[in-house]
Amino acid sequence: MPFSLPPLPYSTNALAASGMCQETLELHHGKHHNAYVVALNGLIESKGLAGKSLETIMAEAGRAGAEGLPVLNQAGQHWNHMLFWQAMKPNGGGESLPGRIGAKIAEDFGGLAQFKEAFKQAGVTQFGSGWCWLILKSDGRLAVTKTPNGANPISTGEGTPLLGCDVWEHAYYLDFRNLRPNYIQNFLDRLVNWEFVEHLLLSGGMSSGQTA
Ligand SMILES: [Fe+2]
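Residues numbered from 1 in each chain as written. Predicted model: local features only at pLDDT ≥ 70, side-chain atom pairs only at ≥ 80, totals over all residues.

Trainee: Got a sec to walk through the pairing of strand E1 (residues 130–136)? Specific residues and values, please.
Mentor: Across the seven residues of E1, seven count as buried, placing the element largely inside the fold. Side chains of E1 alternate between two faces, with Gly130, Cys132, Leu134 and Leu136 and Trp131, Trp133 and Ile135 buried alike. Bridge count for E1 against strand E2 (residues 142–148) is seven bridges, and the pairing is antiparallel. Looking at the pairing, Gly130 lines up with Pro148 of E2. Inspection of the sheet shows E1 paired to strand E3 (residues 160–166) by six bridges, in the antiparallel sense. Residue Trp133 lies in a different strand from E3, and its bridge partner there is Gly164. (Buried ≥ 20, exposed ≤ 12 C-beta atoms within 10 Å, placed from the backbone. Helix = DSSP H or I, 4+ residues; strand = E, 2+ residues; numbered from the N terminus. Pairing = 2+ DSSP bridges.)

The structure is reproduced here in structure tokens:
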């Protein structure tokens, strides 16, 4: 089965009151994300990807270094956006986190405010396009990290992504113009679906369920 673009888990105007307008979602999901899916499907035969899961493809492409980049750019972006859409919800964010993730953030960062500052700092300092992440490392601790372009903590082997924020300009230019820090702050304060992050923490991370 070729890869496919899942529908958004909400309508394209559902996040408008929380700082992400309908036009952003229509373009970002319907054009940008879809283009990664189409491009990835175009690589299945020439790159010998048939039968492999999206997660395996990303990990192998990451290990292949520069040679793996053409595949990683598309495969990573497909996976990253699938997580991103689910990691947001209308009237998300807030100060009250579900039990386990709330406790882990307090334990590993010292508090929600400290986590937000570290996450925002990672996103702001990602030079050019990329993503900032909350990950669960193999030692059981949470950490914040950032990756360029289509890479992610699976392709770098850093850990299990629990939350990712797209810091490509296409993610924020319509809503926040050039102000990436404001976009990330808004993401944290008003968009994050913490129940989904809690679910990923408890279930061991997101499985796309998609195979070439
Ligand atoms: Fe994006």
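Trainee: Quick one: what's the story with the packing of helix H1 (residues 22–41) against helix H3 (residues 69–86), residue by residue and with numbers?
Mentor: Direction vectors running N to C along H1 and H3 enclose 140°, while the axes themselves pass 8 Å from each other. It follows from the interaxial angle that H1 and H3 lie oblique. Every pair of crossing elements has a handedness; the one defined by H1 and H3 is left-handed. Each of His29, His33, Tyr36, Val37, Ala39 and Leu40 in H1 lies in contact with H3, whose residues at this interface are Gln74, Ala75, Gln77, His78, His81 and Trp85. Of the residues assigned to the contact of H1 with H3, the class counts are six nonpolar, six polar and no charged. (Axes fitted to C-alpha atoms, helices over the stretch in contact; angles between N-to-C directions. Parallel < 35°, antiparallel > 145°, perpendicular 65-115°, else oblique. Left-handed = near helix turned anticlockwise from the far one by under 90°. Contact = placed C-beta atoms within 7 Å. Nonpolar A, V, L, I, M, F, W, Y, C, P; charged D, E, K, R; others polar.)

Trainee: Kindly report on the packing of helix H2 (residues 54–63) against H3, identifying the contributing residues and their values.
Mentor: At a minimum axis separation of 9 Å, H2 and H3 run at an interaxial angle of 140°. One way to sum up the angle between H2 and H3 is to call them oblique. Considering only the axes of H2 and H3, their crossing is left-handed. For the pair H2 and H3, the contacting residues are Leu54, Ile57, Met58, Ala61 and Gly62 in the first and Val71, Leu72, Ala75, Gly76, His78 and Trp79 in the second. Here the residues of the contact of H2 with H3 are counted per class, giving eight nonpolar, three polar and no charged.

Trainee: Please set out H1 residue by residue, giving values where relevant.
Mentor: For H1, which comprises 20 residues, the first-to-last C-alpha distance of 27 Å matches the rise-based estimate of 28 Å (1.5 Å per residue) to within 8%. In H1, a bend of some 30° at His28 exceeds every other bend along the element. What H1 keeps buried is the set Thr24, Leu25, His28, His33, Tyr36, Val37 and Leu40. Where H1 is buried, its residues touch H3 and helix H6 (169–176). (Expected span 1.5 Å × (residues − 1). Bend = angle between axes of the 7 residues up to and from the residue.)

Trainee: Give me the environment of Phe127: which residues, what numbers.
Mentor: Note on placement: Phe127 falls in the loop between helix H5 (112–124) and E1. Through-space distance from the C-alpha of Phe127 to that of Gln185 is 18 Å; in sequence the pair is 58 residues apart.

Trainee: Lay out helix H7 (residues 180–191) with the relevant residues and their values.
Mentor: Among all positions in H7, only Arg180, Tyr183, Ile184, Gln185, Phe187, Leu188 and Leu191 are buried. Buried residues belonging to H7 abut H5, E3 and H6.

Trainee: Outline the sheet that holds E2, supporting the account with residue identities and numerical values.
Mentor: In space, the three strands of this open sheet follow the order E2-E1-E3, with antiparallel pairing throughout. Looking along the sheet, the strands with just one partner apiece sit at the ends: E2 and E3. In this sheet, adjacent strand axes meet at a mean angle of 25° when their direction is disregarded.

Trainee: Please give an account of the nonpolar core that cites residues and values.
Mentor: Among the nonpolar cores identified, the biggest contains 57 residues, and Ile57, Met58, Ala75, Cys132, Leu162, Val192 and Val197 are the most heavily contacted of them. Those residues within four positions of Val192 in sequence are excluded, and the remaining contacts are Ala87, Met88, Gly92, Gly93, Leu163, Phe187 and Val197. (Core = buried A, V, L, I, M, F, W, Y, C linked by C-beta atoms within 7 Å.)

Everything listed is a geometric property; what it means functionally is a separate question.
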